[in-house]
Every structure is written in C-alpha cells, then in structure tokens.
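# Examination of the molecular architecture
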Protein chains: 2
Amino acid sequence: MKKLINNPSEVVKDMFEGVARCHQDRMSRVNGLTSVFIRQGAPVKGRVGILLGGGSGHEPMFIGYLGPGLADVVVQGGIFASPTPDLIAAAAKAVDSGSGVLFIYGNYAGDILNFDMAEELCQDDGVTVKSVRTWDDISTGQDRSRRRGVTADVYTVKIAGAAAAQGLDLAAIEAVTRRAMENCRTLGVCLTPATIPETGIATFELGPDEIEIGMGAHGEAGIKRGKLVPATELADFMIEKLVEDFPLKSGDEVVFMANGMGATTWMELYIMAAASHKALEKKGIKVVASDIGEYMTTQEMGGCHLTIFKLDDELKKYYAAPCDSLMYSRV
Amino acid sequence: MKKLINNPSEVVKDMFEGVARCHQDRMSRVNGLTSVFIRQGAPVKGRVGILLGGGSGHEPMFIGYLGPGLADVVVQGGIFASPTPDLIAAAAKAVDSGSGVLFIYGNYAGDILNFDMAEELCQDDGVTVKSVRTWDDISTGQDRSRRRGVTADVYTVKIAGAAAAQGLDLAAIEAVTRRAMENCRTLGVCLTPATIPETGIATFELGPDEIEIGMGAHGEAGIKRGKLVPATELADFMIEKLVEDFPLKSGDEVVFMANGMGATTWMELYIMAAASHKALEKKGIKVVASDIGEYMTTQEMGGCHLTIFKLDDELKKYYAAPCDSLMYSRV
C-alpha cells in the first residue's frame, strides 16, 4: 500500500482534522466529536433535521453531502465500519429543533444495529426519529430489503434535504425519501482493487484482464466475473439489467449516474455514460439529467456504478431544488 | 491497461459524446466540433469571452470549468496534446461578442505554438485576443516563464470569469488574471503512474515505496525521488518550498488547494491538508479558503499537488464570486 497518510490506525481522525480545518465556513463539530459535523445554520426552527451517516473510506460520501438542501448533520464511523449509537444519537440531538430527525443510511447489518439503537436513545430523550435505509444494489438478490445500499444515498439525501427545506413534516419527508430510494437501482463493475489503509490489504484480487460485475462497496462478491469487454458492451449489459429490475417502460423519465469508484477517470465515466444514454434512448426512456463523477468511492478502487433514479413530478421538483455542499451543489 | 473504453484511439471522441449527451442543459458544441463546447448563455453582449483549453486526459480540466463565472468556451485536444489552431480560433469566434476574448492555457511548447497561431487567425477576422499562460509549477526551474502550468488554471479561470461577469474590459481582465496566475505556486508528489489510454503505456515507473516530488502532469521528471514518508513530513517539506518560492510572509492571506491526481482518495488529500494548514499557521500565514478534490488529474495517477494562491482584496472578491460548472460551483 502506498498512500499519503501518517499512522495507518489514525487515518479517520487525521482526515477529519483536515475537514474541520478546511471548511470552518460550512460546518462545525458536534460536541467536539471527531467524525460528527453539523452544517452552518442548522438546526432550523420548525424544520426536520436530515442525518446522513455510515462508515468512512467512501469519501466524498458522507461528509461531501453536508449542507443546505442536503444533510444537516453527518456522522461517520471507522473505515468501512458503522458509527456507534452514541455518536449517531449525539448527531441527532444536535440537529433536532423539535420537529424530529430523519436518518438515512445504507442497508448493512452493522449500520442497522447501530442506527436502531441510536433511535432508541433518541426516543428516551424525546427526539422523534424516522429512518430510510438505502438498498439500491440490484446484484444482491431478489429480496429488495436485503440488498445493499450504494449510490442511492446521493438521491435520498437530495430529496430529503429539499423536502425538509420546503418545511414538510417528518412523516411526509420520510414518505417522499422512501419513494426516492425505492426509485433508485444501481449496478457496479470493478476493475482494480482498493487497499484498506489500516491494514494495507487489498479488498480482492482480479486477473489483469478480469472484471467483476456487482461487487459491493467493500469488495463483497458480485454476480459475474469475466473478461474486460468494450465499454459499450458492458454498459448495454448493465443498463439491460437495471431496466429489467424496475422494470422501466418507454416514456419513463430518469436521472442517470455514472459513479467512479476511486481510480476511475472522468473519461471512462463519460464513455460509459454515452453508451448508457444510447441504450436507454433505444428503449424510449428519457434521461432528463446526468450526474457523472466520484460520488461514492471505495478508496482507490477502479470501476464504476451505473445508477438509475426514476422520477415523478414531486421527485423532479426536489431533484432540481438548490443545494450546496462540498460534493454536490445546484445553483 | 484496464480501462472502461472502446477503441483506444477514439477515447477523446467517445468521452465528448458522453459530455454532449449528459449536459445539454449546460453547454453545446461549437459548429458541431467534437471537443469545443460553449456554455449556455454565451456570448453575452458587451462582455469579454473567457476561453480555456489544452490537452485531454486531465479531466475535469478543462470541460469541468465551463459555466457562468468561469470559462465561456472550452477547447480540448487529444490526450496530452494541444488543441489545433483552427479549433481554438473557432472557439474564440463563437464566444466573441465584439469585446474580445481572453485565452487561458498552460505554459507548454505545443500549446504556446497553437494558441499563438489561433490568435493570428482571430486577428485576421477582427477578433481581439489577449492571453494568460499559467506557470505555477515551482519544480521546473527558477525562470518562472519557463515553468509548467498545473492547477493554477483553476484560479486563473475563476478570477477571469468573475472579472468578465463584472463587465471589465479585456485589458483589465488580462491584468487581474495575470496577477492571479503570478500569485499561484504549485508543487506535486507522485506515488503511482498513469497509463495513456491510446497506448496502454505507463507514464513512468516508481518502486513500491518510492515517491517523486515535482513530477509533471504528463509524467515529466521531477526534482527529487525518495522513499515514501509520513504525510505530515511530506507536507511540511512541500509547504516550505512553496512559501520560500513566493516568498510568503506572516499575515499573508491565501487559498490552499490539495489536488488529487486521479487515484488519490479524499482521505489522503485531507490528511495532507491538515498538515499543510498547520505548517502555514506556524508561519503566520492565514488560509482563508481551501479547495480539496480532483481539480486536474493525469488519468489514474496517484499523488497530489499542493497549490497556494495568494490573495489581495480584488482577488478575494473575485474568488468569492458565484460560479457554476460541473467541477466548480459557488452559490
């Protein structure tokens, strides 16, 4: 492993020291906690607080989505490890203005356990909490509620943040956020592994011309290992799987995302995007917006996720609403 | 080489097909040319046009900086190759509203030749052109005008775009943009090589624990090869070199950038940023803003650039002005 770090066991602490120093105009720490940040201006009286969290190592997820129109508070754990219940509860209490807090997090065993425990801690203190878990990865079985969360966090927090900014109550925000999440489908393809900074160990091995479709954000096994094929062939296959899974029909309006896993160039993402747009167009599916970049990484992993977010009138309105964060801004 | 591409000789064409399809709301092609894009709303009558360009393969540079408050038109060449004079001239003519056009490009032999020839072509057609070349890389000798341009393009186009939006004339915009460029200093450190998509060849070789300070954006030789050291030690060394080169003094106000070269994680960039902030603080230099991310890459190269942009009152005002592009937005 070759990384610009100090003590490998302190990478998360050192990273957040950088975040705290660099962005004092945008955010501050909650109770001086290393990895819990509240945005400037939050909480807002009469507004629901939006809490986003999960393990570190996927930057810009989650800290990159802290800001007006997105998350009001972000809480991160260690590398690929859920934040603890006490941290989540501290974040929730800091952001509650009396209108309650929505938790958004990925559908992973550790996160479920810890966010549920935090919800209990909050209830004990009179803070009302609702949760939306993200499960957009179609490679992880037919039972959707057992699927992993991947890039859907981007759109769930976008919609939740916009709905909260409009002054909706907690139940209404939970409903529209859940619909946003249910309308996201993702499939990834991995080319090269990541190394865990704390151990220096690669998350998996692939041959020099091998790829794996459906690999998880922590290197979990995917659905298909094969030879590297041209981008257009790969995008066609992935789009087919995504469209089938919804299923989408001609006339549907969607947002398209090509997400870089860490070492993937914009060049590759746009080449995959061109092929994906053409495949969707052939099916009569209308791409009304595209997000191309590194929205959620797995360290320096090579590869990309394709995500489709199906819109309706309300989701379209909230998707287009202004927001401002390190990673995601809309004027 | 393992990349998500089709025909390796057509990566630039394929990438820009993706760009054109994904961002029709932001930009359109000039005269149907593959790699020349004008932002929506440009040209603006009575306003100077800002033209930014250079070789492809450094994305999000240059296309990521096309938008209000930044570049009005962007023109890119092949991988690591200057755009040709005819493309640059076509871009300039498309963006000229009669108030002239400012060219911003890196200080490389091929770019100088082609942008100069384009300037002549423009003059023949009555389009007034001024140019600012960027030369911020302090590792490339004491004669500043022979230095390479690296990340200074971000701040030069930010300042030029803000000044143009204020309605300044071409001479005034050239002056403030040149001052912005002169106020940028950059030093990079490489850890792992990039591969050129057209050939599959790595740009250089480094041992498993070796780094090289001052390597250029195309793999040009740097000033010092050595063992990988802790991030804090490395940042201290690099900041010392940057501060000396200006030289900066206690009380100076600066913007700090940690730029990822392609495969570098946000985690590493923030760890380098924390150490850099501390080193600057010790010298009494005030960091008033920080830009952390992948602003200019060399494909999937691993490593980072540290850039310091020294402010004065006018530069501070233009730095803070609103802008909106794929890579860089300010609300």
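The numbers attached to residues start from 1 for each chain and follow its sequence in the written order. Chain labels run from A onward and ligand labels from 1 onward, assigned in the order the entries are written. Reporting in this predicted model follows two pLDDT cut-offs: at least 70 for local features of residues, and 80 or more for side-chain atom pairs to be given and counted; totals over whole chains, interfaces and linings ignore these cut-offs and use all residues. Only hydrogens and water are set aside; all other atoms, that is, all heavy atoms of the structure, feed into the side-chain values.

### Concerning the overall build of chain A
Note the threshold: In DSSP terms, a helix is any run of H or I states spanning at least four residues, a strand is any run of E spanning at least two, and both are numbered starting from the N terminus. Remark: exposure states derive from per-residue accessible area (1.4 Å probe, protein chains only) relative to the maximum for the residue type, with buried under 20%, exposed over 50%, and partly exposed in between. In what follows, residue pairs with any heavy atoms lying within 4.5 Å of each other are defined as contacts. In this charge count, Lys and Arg are treated as positive and Asp and Glu as negative; neither His nor the chain ends contribute. For the purpose of locating charges, the reference atoms are NZ of Lys, CZ of Arg, CG of Asp and CD of Glu.
Summing up its helical and strand segments, chain A has eight helices and 12 strands in all. Each principal axis of the C-alpha atoms in chain A carries an extent, and together these give about 55 × 50 × 35 Å. Looking at chain A as a whole, 63% of its 331 residues qualify as buried. For chain A, the share of sequence-separated contacts (at least 6 apart) that also reach a separation of at least 24 residues comes to 72%. Mean positive and mean negative side-chain charge positions of chain A (33 and 43 charges, respectively) differ by 4 Å.

### Details of the domain arrangement of chain A
All names here are of chain A. Operational definition: The split into domains, and so the bounds of each, comes from an automatic or database assignment of domains. Computed with a 1.4 Å rolling probe, the buried area is the accessible surface lost when two parts are put together, summed over both parts. Salt bridges, as used here, are contacts in which a Lys or Arg side-chain nitrogen is within 4 Å of a carboxyl oxygen on Asp or Glu.
Each domain of chain A was delimited in the assignment, giving domain 1 (8–182) and domain 2 (184–311). Relative placement of domain 1 and domain 2: their C-alpha centres are 24 Å apart. Between domain 1 and domain 2, the contact holds 28 residues from the first and 33 residues from the second. Around 2600 Å² of area is buried between domain 1 and domain 2 when both sides are counted, 60% of it from carbon and sulfur atoms. Inspection of the domain 1/domain 2 interface yields one salt bridge. Close ionic contact of Asp245 with Arg147 constitutes a salt bridge, the shortest N to O distance being 2.9 Å.

### Details of the confidence of the model for chain A
This is how it is decided: Per-residue confidence from the predictor is given as pLDDT, running between 0 and 100.
Mean pLDDT over chain A works out to 97, with 100% of the residues at or above the 70 mark. The ipTM for the predicted assembly is 0.98, set against a pTM of 0.98.

### Here's the deal with the relation of the copies chain A and chain B
What relates the two chain copies is a rotation about an axis together with a slide along it. Under the convention used in this document: The copies were overlaid by least squares, fitting only the C-alpha atoms of residues that reach a pLDDT of 70 or more in each copy.
Once chain A is rotated about the relating axis by 180° and shifted along it by 0.0 Å, it coincides with chain B to within an RMSD of 0.0 Å. The transformation just described matches what one would write down for a two-fold rotation axis. Closest approach to the rotation axis within chain A is made by the C-alpha atom of Ala263 of chain A, at a distance of 2.0 Å. Both copies share a contact surface, since 100% of the interface residues of chain A are interface residues in chain B too.

### Some thoughts on the pairing of strand E3 (residues 49–56) of chain A
Looking along a regular strand, one sees side chains alternate from face to face of the sheet. All names here are of chain A. The cut-off we apply is this: Pairs of strands are assigned from DSSP output, requiring at least two bridges between the strands.
Buried residues dominate E3, accounting for eight of its eight residues. Bridge count between E3 and strand E5 (residues 101–106): four bridges; the pairing is parallel. Across the sheet, the residue bridging to Ile50 is Leu102, located in E5. Looking at chain direction, E3 and strand E4 (residues 73–79) are connected through five bridges and run parallel. Bridge pairing in E4 places Leu51 opposite Val73.

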